[in-house]
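One-letter residues, chain by chain:
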Amino acid sequence: MAVAALGNYDRSNVFARILRGEIPCRKVHEDAHVMAFHDISPLAPVHVLVIPKGEYVSMADFLGHASDAEISGFWRGVAAVTAALNLAPGGFRLLSNAGYDAHQEVPHMHVHIFAGRELGPMLCQ
Ligand code: AMP
């Protein structure tokens with residue numbers, strides 16, 4: 001279910017718990033700025049989530065408040081994942097749900113990486 005509103009960062013969210021090692025994940029990549037792991041309910045043969053280590057509720061929060069080092073580190077982390085999984089030849093899609101209209105479910109900023117099949121149109125109607 002989508003979050004009704006994104007207020008202050010909630011340290012009990014599931015991705016915060018993954019970052020603290022309290023619940024397991026299938027990790028793909030980790031560095032100083034990001035962690036990447038397989039989505040628990042994959043919507044494509046490759047469905048990986050990339051999250052920043054900082055406490056940001058959404059992409060809007062992240063882009064508005066993260067430091068330049070965090071922002072560049074995040075996107076370099078995304079690049080590290082696409083390289084590690086060799087996604088460029090077949091292609092891939094990045095998606096970030098931010099807020100209610102986008103049906104964001106987990107209030108810790110994340111980017112989905114989808115790949116491994118023809119992904120169809122950008123949005124369903
Ligand atoms: P979003 O709607 O963009 O907030 O998507 C949140 C994503 O997190 C969904 O695709 C879920 O399947 C995924 N998810 C939720 N809990 C976990 C978990 N414990 N490990 C991996 N992925 C998860």
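To start, this report covers the structure provided alongside it. It should be emphasised that the depicted structure is a prediction, and the values quoted were computed from it without experimental measurement. (Residues numbered from 1 in each chain as written. Predicted model: local features only at pLDDT ≥ 70, side-chain atom pairs only at ≥ 80, totals over all residues. Heavy atoms only, no water.)

Considering the pairing of strand β3 (residues 46–52)
Most of β3 sits out of view: seven of its seven residues are buried. The alternating pattern of β3 places V46, V48, V50 and P52 on one face and H47, L49 and I51 on the opposite face, and all of these are buried. Here β3 runs beside strand β5 (residues 111–115); their pairing, made up of five bridges, is antiparallel. Paired with V48 across the two strands is I113, which belongs to β5. (Buried < 20%, exposed > 50% of the residue type's maximum accessible area, 1.4 Å probe, protein only. Helix = DSSP H or I, 4+ residues; strand = E, 2+ residues; numbered from the N terminus. Pairing = 2+ DSSP bridges.)

Quick look at the pattern of salt bridges
Under the definition given, this model contains five salt bridges. Two residues, E22 and R17, come together in a salt bridge whose shortest N-O distance is 3.3 Å. One network of salt bridges, in which partners are shared, links R17, R20 and E22. (Salt bridge = Lys/Arg side-chain N within 4 Å of Asp/Glu carboxyl O.)

With respect to the environment of I71
With respect to the secondary-structure elements, I71 resides in helix α3 (residues 68–84). For the pair formed by I71 and H29, sequence separation is 42 residues and the distance between their alpha carbons is 17 Å. What I71 contacts, discounting residues up to four positions off in sequence, is F62, L63 and A66. (Contact = heavy atoms within 4.5 Å.)

What about the sheet that holds strand β4 (residues 92–95)?
Taken in spatial order, the five strands of this open sheet run β1-β2-β3-β5-β4, and their pairing is antiparallel. Across the chains shown, the open sheet's two edge strands, defined by having one partner strand only, are β1 (27–30) and β4. Ignoring which end each strand starts from, the neighbouring axes of this sheet average 20° apart. (Axes fitted to C-alpha atoms, helices over the stretch in contact; angles between N-to-C directions.)

Some words on the pairing of β1
Sheet topology note: the β1/strand β2 (residues 34–38) ladder contains three bridges and is antiparallel. If you follow E30 over to β2, its bridge partner there is M35. The hairpin formed by β1 and β2 contains three residues between the paired strands.

A look at the site of the ligand
In the vicinity of the ligand lie 16 residues, with D39, N97, E105, H110 and H112 positioned nearest. Between the ligand and H112, the relevant distance is 2.8 Å, taken from an oxygen atom to a side-chain nitrogen or oxygen of the residue. Here the ligand, which alone exposes 510 Å², has 85% of that area covered by the protein. For the shell around the ligand, the secondary-structure elements that each account for two or more residues are α1 (14–19) and β2. Looking at the shell around the ligand element by element, the count peaks at three residues for α1. Taken together, the residues of the shell around the ligand break down into seven nonpolar, seven polar and two charged. (Near = heavy atom within 4 Å. Polar contact = N/O pair within 3.5 Å; in protein donor to acceptor, adjacent residues only side chain to side chain. Areas by Shrake-Rupley, 256 points an atom, 1.4 Å probe, with all protein chains shown as cover. Nonpolar A, V, L, I, M, F, W, Y, C, P; charged D, E, K, R; others polar.)

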